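Letter by letter, the chains look like this.
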There are 2 protein chains.
Amino acid sequence: MIKTDDVLKLDAERLWIYDTTLRDGAQREGLALSVSDKLKIAQHLDQLGIPFIEGGWPGANPKDAQFFEQVRAQPLTQAEVVAFCATRRPGLRAADDPMLQPVLAAQTHWITLFGKSWDLHVTEGLKTTLDQNLGMIEETIQFFRHHQRRVIYDAEHWFDGYRENPEYALATLGTAIAAGAEWLVLCDTNGGTLPHQIAQGVGAVRTWMQSQPQVTKSVQLGIHTHNDGGTAVANAIAAVQEGARMVQGTINGYGERCGNANLCTLIPNLQVKLGYNCVTPAQLATLTSTSRQISEWVNLAPDDHAPFVGLSAFAHKGGIHVSAVQRNPRTYEHLDPEWVGNVRRIVISEQAGLSNVLEKARHFGLTLDKQHPASRAILHRLKQLESEGYQFEAAEASFELLIRAALGQRFDFFTLKGFDVHCRTQLAGEASALDSIALATVKVAVEHQEILTAAEAQGPVSALDAALRKALANFYPVIDQFRLTDYKVRILDSSDGTAAITRVLVESSDGQQRWTTVGVSANIIEASYQAVAEGIEYGLLRQLPEGATTHDALLVAIAHARSCPLMSVDASPAILGL
Amino acid sequence: MIKTDDVLKLDAERLWIYDTTLRDGAQREGLALSVSDKLKIAQHLDQLGIPFIEGGWPGANPKDAQFFEQVRAQPLTQAEVVAFCATRRPGLRAADDPMLQPVLAAQTHWITLFGKSWDLHVTEGLKTTLDQNLGMIEETIQFFRHHQRRVIYDAEHWFDGYRENPEYALATLGTAIAAGAEWLVLCDTNGGTLPHQIAQGVGAVRTWMQSQPQVTKSVQLGIHTHNDGGTAVANAIAAVQEGARMVQGTINGYGERCGNANLCTLIPNLQVKLGYNCVTPAQLATLTSTSRQISEWVNLAPDDHAPFVGLSAFAHKGGIHVSAVQRNPRTYEHLDPEWVGNVRRIVISEQAGLSNVLEKARHFGLTLDKQHPASRAILHRLKQLESEGYQFEAAEASFELLIRAALGQRFDFFTLKGFDVHCRTQLAGEASALDSIALATVKVAVEHQEILTAAEAQGPVSALDAALRKALANFYPVIDQFRLTDYKVRILDSSDGTAAITRVLVESSDGQQRWTTVGVSANIIEASYQAVAEGIEYGLLRQLPEGATTHDALLVAIAHARSCPLMSVDASPAILGL
C-alpha cells in the first residue's frame, strides 16, 4: 500500500517538468516518429502529469505543423503543448521573417524560443555581431508577446558562454527578461559541464537576477542538460538545488549523441528523494509503464538497467541476498519499486535457493510452498539445467514451464518428432558473392496426428520457425498472431570454438505482451528449436482460461483440426527436396 | 595531434582507479565470464593503466580460484590483481574460518575485504551484535596483515549506515584503520544516494579522520558507487572533490541492477575535466577500443550512446551543425574525441576515418599514405561493410585482409564454390530427448582444381569448419595446426527476430598467436563460413615469407598436392547423403 506521504509531502514545493522527447529526443540516431506516434506519446505524457510538452518546431518540418493541428483536435487534459523555434534571422524584422509565421499558426499558449548565449556561436555560427544577437532575442520575444504568446527562453550553450564571456551571457538573459520571457532555461547544449559547474552557473544567475531591478518574481529559472559527461541527471538536480524550478528532459533520456537528461530518472529523484511536487503519487506509479510503452512506440529496445524503470532495476540475485530483501526490502533497495510502478524481481541464477523458486512461483500465480514435494524437485532440475548451460534470468517463460512441468500443469500442445534443416550456399555468378538459402522440414504430432511441413527462408532459424508455425497454425490459429521479436545467441565455454555449447534466447510477442524462452545445445539449430517451440507453447498457454486442462486444450485443437483437413498439404517429399 | 598538456597536467595529483568488472561487473544479469575471458580482460585493463584489478572472490566460486592461479602464470605489467572477500563469519576465529584460506591461496599482495557499516545489516542480515561485527572486521584484517597482505577495506552500505547510525558507521571505519587497513572505501551499495549526500558523507569522514590520533597519512579514502539513482558517476566525482583518492567502478558500467559507476565515463571526467592523473595520455587514447573490446568479450551489445566511448558520442547530423563543427569543433563538442580514442562522426558522410585507416595499415606493416589511391577505396569499402553490419574493432585480421585486397596483396589460397550444411534432429528413443547431427559438404578450388569434402559434427558450424579444413589440409598441411579458439554470435537489428542480420566473430590460433575474423549475413551459417574461411586465409598468410606472391604460395600448394593424389577421396556422393 503506497502512502501518499512517502512520495509526495503536503507542503512540497512545485517543480515544472518540461518534456522534449518529441523534439530533442527525436534527434537520437535511429529514432523516427510519425505524427500518430507523436500524438500517442503526447497523450501519454499528459496522463503522466507532465505540465509542458514540447511538440516540435512548426515550419522546420511539415510533420511538426501537422502534429500541432491534430493535437488541437484532441486536446490534452492538463498539459500545455509548446512550440519550439529559433530567434529571427539576422537582418530581418521579426514580423517579416517567414520562419516565425508557422510558429504562430501552431496556436499554442506557450512558445519556447532558443537563442545564442555564447559569443563564439554568435560570431562563428550565426556570423553576426554580439549586439545584433541581442536584438534578435529581444525582437523575437516582443513579437510573440505582441501576439499574446507566453515565452520560455532557452539559452543555448549557456554554461559554455558563461565560462568564456560571463558578461555577455548574462546580457542575453537580461534582454530576454526585458522583452517579456517568463522562464529562462539555462542549457548545457554540448553536455560536458559537471555538476559543480552547473551549480556555480545557476547560482551566479540567481545572484545576478536579485541585482536587476527589472526582474519580477514571475521570472523563473529552468535547466536543460545533456549527458555527454554522463552527469545529465546530476546536473539537473544541482540546478534545482540552486533554485531552478523547470526541468527539461526526455523519456528514457533519448536525444542526440549521449542523450538528454532522463525524466524517468529525474522525476523520482526530485519527488521522492528531494521532496518536490512534480506529479501525483498515482501518476508516479505509471512511470515504469510509460517508459516501456514509449520505448515500444519509438521501436527501441528498453534499457533493462535503467534506474527506477528498468527490468533489472530492482532485481535480486543469490540466496542470502534474496532472503534479506524479503525480510526487509530496505536492506538492498533504495526505494520501494511500487512507487514508480516497477516490481521487485527475484532473479533465477546459479546462486538460487528455494526462496527464489517459491517467490517466482508466487509471481507466476502458481501455488507452491516449501513443503510441496515439487519444490525441491524444481530446485534440483534448475541446478541441473544451469550446469548444462541453461540460464533462466532472462527466460522467465521457460522457467514457468519448468515449474508447471513439476506440478503436472504443462500442456502437451504438440510433440516434436524431428526436423531437418538444410542450408545451401553457392557462388552467385562471376563475382565472388555468395547466394544462400535455408530449407526446414518439421514433423510434429498433435494428439497422435502427425503433421509434416516445410518452409524456406534466408536463414536456418527463420526457416525452422516458419515450418513449425505452419505445422501448428491449423490446430492453433492464434499462432498467426505470434511473432519472434528478439533472438540472442551466446556461445558458452567458447574456448572450444564452434563445438562449444550454444544458448539461444528467443523473445516472442502476441502483439500485447512479450515473453522469453531459452534453448541450449551443442547444435545451434537444436537450441533455437527448443527456444522457439517453448515460445509457442507459452503463448498458447496464455490463451487458456484459468484452470484449463491439457484435455480441454486438445479438444479445442482437435475440433479445429477436423474442420481443416488440408493442414499438411505442403508435406510432399518433392517439395522438401530431401 | 594530442598535446599531453591537454589531457594530463605535469603537476596533476594521482588518483587510483580500481576496476571491479570481473567481480561486481559480473553480477550483471546475462553477463557470464569464463576464466579465459577474465584473463583477457585483466590483461587489457593492465594495458589501460588501471592500477588495481579485482579478480574475484577466491573460494566462493571455483572459476575465481582458477583465475588467480592462471594470472600468476602470465603476470601483468603494472596492475595489482586483488582478491575480494567478506569478513570472517560470526562465532569463528579468522584462522579457523575455511572461507579465508582460499583468499590467501590466491597469493595477491592486496586483499579487498568488505564489512558491514549499517547496523540494520548487522542485526537483520548477519544476525549478530554490533560489537561482534566490529570484532569480525578487526580480526579479519589482522589475520590478513599477519600474512603480509595489504588491505583495502570496502565499507558496504556506508552511506545508508551513516545516515541512520553515524556513530556506529564511523566506529567500523575506526576499527578497520586500527587493524591495519590502508584504504577505506565508502560504498553506496544500494546506489540511491545523491551527489550532495555523498559529498556530506565523505566530508564527514575526512573531518572525523583528522580528529583520530591513530590515523596516519598512509590511510586514504576511496569511493564505490552504484547507479540506482542515475548518478553513480556524479557521486564518485563528488567524493573525489571531497578528498577520496581511489575510485571503484567497472568498464561500461556493468553491474547488478542499474550497474556500477562507469569507468569509461569517470576516467575522462576525472583526468581531462578535473585535472587528476589517472592514466597516461596514450592509455587514455585506448579507452574507446577497451570499452568496445570488452563488450565483445562479454558478448553484450555496446551502448552506442555511452558518454565518451559510444559510437554516437561525437556524432553530428547534417547541415549547419556539421559545418560549424568542422570550422571549430568546440562549437558542438565538449572534448576532443581523439583524447579518448573515439572519432567525430559526421552522419551520412565519409569525412572521418582516413587517419584511422592509415594508422591501422601502419600497424599491420603495410605501406599506405593519404595520396595512395587505395586509401579512399579502403575507406569507402569499410563504410559500406559497416553499414551492412560488419565491425572491425575486434576483427583486425579481417581488416588487414580488406586493406591487402585494395593493395592487391591478398592471396587466393582457395576459392569457395559452394557448401551444403544439413542438420537433422530426431526424437531419441522413448524419452523426449533429442538427437542431433550436422553434416557439411564443401567444394573449393585451389588453382583450378576442385575439391569436394564432407564432415560430420555435433553442430553445423563445426561440421563446416571440419569439411573446409579437410579440403585444404592436403594443399596446406599447416592448417592441421590451426584451431578455432573462440566463436561469438551477435544478432543485429534483432527487432526482426530470426530474420535479422547475424554477425559472427571467429578467433583462430596456430598455437602461438591468435587472430580474429568477422562474417555477416542474414544466414548464420554463411556468416560463420565467411569468418572461418578468412581465419584460415589469414593463418596461411602468416606462414608466407615477407614479399611472397600469390604465385609463390600456390606453387608450394600445388607441389604438395601432386604428392597427395588421394586428397578428395572422401567426396563420394553416397557418403554425402545429399
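The structure we're discussing is the one just above.
These numbers were taken from a predicted model, which means no experiment stands behind them.

### Remarks on the interface of chain A and chain B
Point 1. Contact residues are listed per partner, giving 97 residues for chain A and 103 residues for chain B.
Point 2. Taken together, both faces of the contact between chain A and chain B bury some 8,500 Å²; the carbon and sulfur share is 50%.
Point 3. Where chain A meets chain B, there are five salt bridges.
Point 4. A salt bridge links B:Glu29 to A:Arg345, with the nearest nitrogen and oxygen atoms 2.7 Å apart.
Point 5. Remark: the boundary between chain A and chain B carries 38 residue pairs in polar contact (both at pLDDT 80 or more).
Point 6. Considering each element in turn, the side of chain A that touches chain B owes the most residues, twelve residues, to strand β11 (residues 415-427) of chain A.
Point 7. Considered class by class, the residues forming the side of chain A that touches chain B number 36 nonpolar, 35 polar and 26 charged.
Point 8. As paired elements, β11(A) and strand β11 (residues 415-427) of chain B share nine bridges and run antiparallel to each other. In the sheet register, A:Phe419 faces β11(B), and the bridge partner there is B:Thr425.

### Brief notes about helix α18 (residues 460-473) of chain A
Point 1. Across its 14 residues, α18(A) extends 20 Å between first and last C-alpha, which sits within 8% of the 20 Å expected from 1.5 Å per residue.
Point 2. The element α18(A) is largely enclosed, with a buried count of twelve among its 14 residues.
Point 3. What α18(A) keeps buried is the set A:Pro460, A:Val461, A:Ser462, A:Ala463, A:Leu464, A:Asp465, A:Ala467, A:Leu468, A:Arg469, A:Ala471, A:Leu472 and A:Ala473.
Point 4. In the core, the buried residues of α18(A) are packed alongside β11, β12 (434-446), β13 (449-457), β14 (483-492) and α19 (524-541) of chain A together with α19 (524-541) of chain B.

### Focus: the sheet that holds β12(A)
Point 1. An order of β13(A)-β12(A)-β11(A)-β11(B)-β12(B)-β13(B) is seen for the six strands of this open sheet, with the pairing classed as antiparallel. The open sheet has two free edges, formed respectively by β13 of chain A together with β13 (449-457) of chain B, since each of these has just one partner strand. Across the sheet, the mean angle from the axis of one strand to that of its neighbour is 10°, orientation sign disregarded.
Point 2. Pairing of β11(A) with β12(A), which is carried by twelve bridges, proceeds in the antiparallel orientation. Its bridge partner lying in β12(A), A:Gln426 is registered against A:Asp435.

Parameters at a glance
- Residues numbered from 1 in each chain as written.
- Chains lettered and ligands numbered in written order.
- Predicted model: local features only at pLDDT ≥ 70, side-chain atom pairs only at ≥ 80, totals over all residues.
- Heavy atoms only, no water.
- Contact = heavy atoms within 4.5 Å.
- Buried area = accessible area lost by both parts, 1.4 Å probe.
- Salt bridge = Lys/Arg side-chain N within 4 Å of Asp/Glu carboxyl O.
- Polar contact = N/O pair within 3.5 Å; in protein donor to acceptor, adjacent residues only side chain to side chain.
- Helix = DSSP H or I, 4+ residues; strand = E, 2+ residues; numbered from the N terminus.
- Nonpolar A, V, L, I, M, F, W, Y, C, P; charged D, E, K, R; others polar.
- Pairing = 2+ DSSP bridges.
- Expected span 1.5 Å × (residues − 1).
- Buried < 20%, exposed > 50% of the residue type's maximum accessible area, 1.4 Å probe, protein only.
- Axes fitted to C-alpha atoms, helices over the stretch in contact; angles between N-to-C directions.

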